[in-house]
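Next come the chains, spelled out residue by residue.
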Amino acid sequence: MAESEGKPAVSGRQELSAAATPGAPAQAPAQEEAARAAKRIFARTSPLASLSDEERAAAIERGRALFARPPVFVKGVADMAQLPDPFEAEIAFAGRSNVGKSSLINALFGRKDVARVSNTPGRTRELNYFSLAEGRMALVDMPGYGYAKAPKSLVKKWQALVRDYLRGRPSLKRVFILIDARHGIKPQDEAAMDLLDETAVNYQIVLTKADKARRDALEKLLARTGEALMARPAAHPEIHVTSARKKQGLEELRAAIAALLK
Ligand code: GDP
């Protein structure tokens, strides 16, 4: 099921070092320069960067339209038998607890209440199905992984559900793996990516909370993450850089999701 994207050409990866060169006048206040630098990073790392202006505008408009209406909550799935009939296209969001998943989902819809923002690690343990595009597409909010406090039996049950789901859901077009832009890929993320490679489910990295990461550190993290993805067969080569708080990288992410609905 992995799309044959060829191997990485993280758009603008080669240009990242150039992006690190501050081009602002020396008298510019540090804060303004930081904001400009952040914008440059977002522009250069945009997966839409290689498109013509017209194609880019069309892709963004499709994304905007897809997320303009609130999604309909379908159900929480705790067992494979509870899965709804397959949608034309399904996408899933996964990541460590506290990575900013709820905030990002809410920000994509421009709402506060789609996914409950919770600081309690591992609060939800179901595959939460939301329906978009009048029932053509599903967004699946996967439980945050890494809740060490949960009883082992529960963790095992959850892992089995996720494994079965990834293996047996051809309508699942892409899993977005959320990674905190300050921390990068952690062992639990690697385990999730291993599982996706093994089950040949296409996945893409989304860096979250980019507003909190220092610019130079973000550049390094992008380069390092891009390298790590080269060795991973089911990984999408481009990396989304987002901030739910500053509403950055959202247009691109919406566009990428809309592009999965033919
Ligand atoms: P979840 O457990 O993955 O759903 O994470 P949440 O969405 O609940 O976010 C965890 C914490 O990170 C909360 O305190 C959020 O306010 C914070 N957070 C989420 N997104 C961002 C962001 O883009 N920027 C910053 N600075 N903080 C964020």
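Everything numeric in this text was worked out from a predicted model, so none of it was measured. (Residues numbered from 1 in each chain as written. Predicted model: local features only at pLDDT ≥ 70, side-chain atom pairs only at ≥ 80, totals over all residues. Heavy atoms only, no water.)

Turning next to the sheet that holds strand β1 (residues 72-77). Pairing in this open sheet of 7 strands is mixed, and the strands run β1-β3-β4-β2-β5-β6-β7 from one edge to the other. The two strands at the open ends of the sheet, each matched to only one other strand, are β1 and β7 (240-241). Alignment of strand β5 (residues 172-180) against strand β6 (residues 203-208), held across 6 bridges, turns out to be parallel. Of the residues in β6, the one forming a bridge with I177 is I205. Set on the sheet, helix α6 (residues 187-199) makes contact with β5 and β6; between it and β5 the angle comes to about 165°. Where helix α7 (residues 215-230) meets the sheet, it contacts β5, β6 and β7, and its direction lies at approximately 165° from that of β6. (Pairing = 2+ DSSP bridges. Helix = DSSP H or I, 4+ residues; strand = E, 2+ residues; numbered from the N terminus. Contact = heavy atoms within 4.5 Å. Axes fitted to C-alpha atoms, helices over the stretch in contact; angles between N-to-C directions.)

Along the chain, A213 falls in the loop between β6 and α7. Its relative accessible area of 14% is what places A213 among the buried residues. Residues A213 and R182, spaced 31 residues apart in sequence, show a C-alpha to C-alpha distance of 5.1 Å. Each residue touching A213, except ones within four places of it in the same chain, is listed here: A181, R182 and L218. (Buried < 20%, exposed > 50% of the residue type's maximum accessible area, 1.4 Å probe, protein only.)

Glancing now at the pairing of β5. Among the 9 residues that make up β5, 8 are buried, leaving the element largely enclosed by the rest of the structure. With 6 bridges connecting them, strand β2 (residues 89-95) and β5 associate as parallel partners. The partner of I91 across the bridge, within β5, is R174. Since β5 and β6 lie parallel, the crossover through α6 that links them has a hand, and here it is right-handed. (Right-handed = clockwise from strand over helix to strand, strands pointing away.)

On to helix α8 (residues 250-258), then. In terms of burial, α8 is a largely internal element, 8 of the 9 residues being buried. Along α8, the residues that are buried comprise L250, E252, L253, R254, A255, A256, I257 and A258.

Within the largest apolar cluster, 39 residues are counted, with the highest numbers of intra-cluster contacts made by Y165, L166, V175, I177 and L207. Only β2, β3 (127-132), β4 (137-141), α5 (152-167), β5, α6, β6 and α7 provide two or more residues apiece to this core. Ranked by the residues each element gives to this core, the list is headed by α5, at 5 residues. Excluding residues within four positions of it along the chain, I177 makes contact with A94, Y145, A192, L196, Y203, Q204, I205 and V206. (Core = buried A, V, L, I, M, F, W, Y, C linked by side-chain atoms within 4.5 Å.)

Bringing unusual backbone geometry into the picture now. Positive phi is not limited to glycine here, since A200 has a value of about 55°. Looking at where A200 falls in the secondary structure, it is placed in the loop between α6 and β6. For A200, a relative accessible area of 27% corresponds to the partly exposed category. Phi is positive for K247, which is not a glycine, with a value near 55°. In this structure, K247 sits in the loop between β7 and α8.

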